[in-house]
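Working through the structure, step by step
Residue-level listing of the chains:
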Amino acid sequence: MTTKLDLRENLNLPNSETTTSAEIFQNQTLRPVLKLQNDLYLSLFTNYALRQKADFSSLSTFKKQTFIEQSLQKDAVLKNTFIGMSIGMFTLEELELYQSDSKVFNKRIITMLIERLKSQMK
């Protein structure tokens, strides 16, 4: 039977002696989950953007990037949807670690998602 971990690509990001546990979780769990779910994030955000701004596709790159940032920082429903999509791909052990400092991990998820979306929507 395939597990959630089997679905994710191992990114083999190096850790040093100064790497914090939050950074390790980010590199071993969050980044692979975001990469796995990338197509879903893109589709969901594109649909959201077109509902909010009918002319989204005709905006300049700068305006698109600004819209992405503002949307993910200010629209709580959108933000929580993306966070929920990410959490849904955690194992039980990862969920327990996430819950120990969810505020910090949510911020990391949203920051990485903003950068991921901005780099793909030009």
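Located above this text is the structure these notes cover.
**Let's talk about the overall build of the protein chain**
Tallying secondary structure elements over the protein chain gives seven helices and zero strands in all. What you see in the protein chain, going N to C, is helices and strands ordered as α-α-α-α-α-α-α. Taking all 122 residues of the protein chain together, 37% fall into the buried category. For the protein chain, restricting intrachain contacts to residue pairs at least 6 apart in sequence, the fraction spanning at least 24 positions comes to 68%. Here the protein chain displays about 7,600 Å² of accessible surface, and carbon together with sulfur accounts for 52% of that area. Where the 16 positive side-chain charges of the protein chain centre and where its 13 negative ones centre are 10 Å apart.

**Let's talk about the packing of helix H2 (residues 21–36) against helix H7 (residues 102–120)**
Axes are the key here: two packed helices are described by the angle between their axes and the distance separating the axes. For the pair H2 and H7, the least separation of the axes is 11 Å and the interaxial angle reads 45 degrees. Taken together, H2 and H7 sit at an angle that is classed as oblique. Regarding H2 and H7, the two cross each other, and that crossing is right-handed. For the pair H2 and H7, the contacting residues are Ala 22, Glu 23, Phe 25, Gln 26, Leu 30, Arg 31, Leu 34 and Lys 35 in the first and Phe 105, Arg 108, Ile 109, Met 112, Leu 113 and Arg 116 in the second.

Cut-off values and rules
Residues numbered from 1 in each chain as written. Predicted model: local features only at pLDDT ≥ 70, side-chain atom pairs only at ≥ 80, totals over all residues. Heavy atoms only, no water. Helix = DSSP H or I, 4+ residues; strand = E, 2+ residues; numbered from the N terminus. Buried < 20%, exposed > 50% of the residue type's maximum accessible area, 1.4 Å probe, protein only. Contact = heavy atoms within 4.5 Å. Areas by Shrake-Rupley, 256 points an atom, 1.4 Å probe, with all protein chains shown as cover. Lys, Arg positive; Asp, Glu negative; His and termini not counted. Charge placed at Lys NZ, Arg CZ, Asp CG, Glu CD. Axes fitted to C-alpha atoms, helices over the stretch in contact; angles between N-to-C directions. Parallel < 35°, antiparallel > 145°, perpendicular 65-115°, else oblique. Left-handed = near helix turned anticlockwise from the far one by under 90°.

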